[in-house]
Amino acid sequence: MTETYIDPSRENFEAFKTLPRDTPIHMLNLLQYRELAEYPEGHENAGEGWSGRRAYQEYGKTSGPIFRRVGGRIVWRGIYETVVTGPEAMRWHDGFIASYPNASAFFEMIKDADYQAAVVNRTAALQDSRLVRFRPGEEGEGF
């Protein structure tokens, strides 16, 4: 993979904002960590020598209370093993699906000042990521 993504593009975020805000959503998160976290100069965690995974753990610790306050929860978590269909170069360290009661809860979270301070850890941690919104579907035995 030659292109990497940490934050949404303006176009993708605008598309996200046009979707319904009053229905449940699932957010698929695919994560590839930096070997060494890259914090902005002067940040309290700069110079700690943290791995990307460690910096992401800090993001989880500092953003978790906000995530839970807005009604978020993790409904699935997995550790990457291999790509079956897709580019051979695609490699993820971790993946999870975060469930929100609605998109308004997601917006409430990302606008929160404490969350905005915590997200610096996410940015420092990640080499590449994907964040994909889904409308929850029916569970069952068939495809």
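Note that this is a predicted model, so its numbers are computed, not measured.

Caption draft 1: A look at the overall build of the protein. Within the protein, the secondary structure is distributed over 4 helices and 4 strands. Listing each helix as α and each strand as β along the protein from the N terminus yields α-β-α-β-β-α-α-β. Projected onto its principal axes, the C-alpha coordinates of the protein cover approximately 50 × 40 × 30 Å. At a minimum sequence separation of 6, the contacts of the protein that also span at least 24 residues come to 77%. Accessible area of the protein: about 9500 Å², with a carbon and sulfur share of 51%.

Caption draft 2: Spotlight on the sheet that holds strand β4 (residues 126-134). A sheet is described by the order of its strands in space; here 4 strands give the open sequence β2-β3-β1-β4, paired in antiparallel fashion. Only two strands of the sheet have a single neighbouring strand rather than two, namely β2 (73-79) and β4. Across the sheet, the mean angle from the axis of one strand to that of its neighbour is 15°, orientation sign disregarded. This element, helix α2 (residues 52-69), spans β1 (25-33), β2, β3 (94-100) and β4 of the sheet and lies at about 10° to β3.

Caption draft 3: Region of interest: the packing of α2 against helix α4 (residues 113-125). Interaxial distance between α2 and α4 falls to 7 Å at its minimum, and their mutual angle equals 160°. Compared by their axis directions, α2 and α4 come out roughly antiparallel. When the axes of α2 and α4 are compared, the crossing they make is left-handed. Where α2 abuts α4, its residues Gly52, Ala55, Tyr56, Glu58, Tyr59, Thr62, Ser63 and Ile66 lie against Asp114, Tyr115, Ala118, Val119, Asn121, Arg122 and Ala125. For the contact of α2 with α4, the per-class residue count stands at 8 nonpolar, 4 polar and 3 charged.

Caption draft 4: Summary view of the pattern of salt bridges. Counted under the stated rule, the structure contains 8 salt bridges. We note a salt bridge from Asp94 to Arg53, for which the minimum N-O separation is 2.7 Å. Placement of the pair is Asp94 in strand β3 and Arg53 in helix α2, with a sequence separation of 41 residues. Given the relative accessible area of 14%, Asp94 is considered buried. As a salt-bridge pair, Glu58 and Arg54 come within 3.2 Å of each other at their nearest N and O atoms. Taken together, the residues Glu58 and Arg54, both in helix α2 and 4 residues apart, mark about one turn of the helix. We classify Glu58 as buried; its relative accessible area is 11%. In this structure Arg54 comes out as partly exposed when scored by relative accessible area, which is 29%.

Scoring rules and cut-offs
- Residues numbered from 1 in each chain as written.
- Predicted model: local features only at pLDDT ≥ 70, side-chain atom pairs only at ≥ 80, totals over all residues.
- Heavy atoms only, no water.
- Helix = DSSP H or I, 4+ residues; strand = E, 2+ residues; numbered from the N terminus.
- Contact = heavy atoms within 4.5 Å.
- Areas by Shrake-Rupley, 256 points an atom, 1.4 Å probe, with all protein chains shown as cover.
- Pairing = 2+ DSSP bridges.
- Axes fitted to C-alpha atoms, helices over the stretch in contact; angles between N-to-C directions.
- Parallel < 35°, antiparallel > 145°, perpendicular 65-115°, else oblique.
- Left-handed = near helix turned anticlockwise from the far one by under 90°.
- Nonpolar A, V, L, I, M, F, W, Y, C, P; charged D, E, K, R; others polar.
- Salt bridge = Lys/Arg side-chain N within 4 Å of Asp/Glu carboxyl O.
- Buried < 20%, exposed > 50% of the residue type's maximum accessible area, 1.4 Å probe, protein only.

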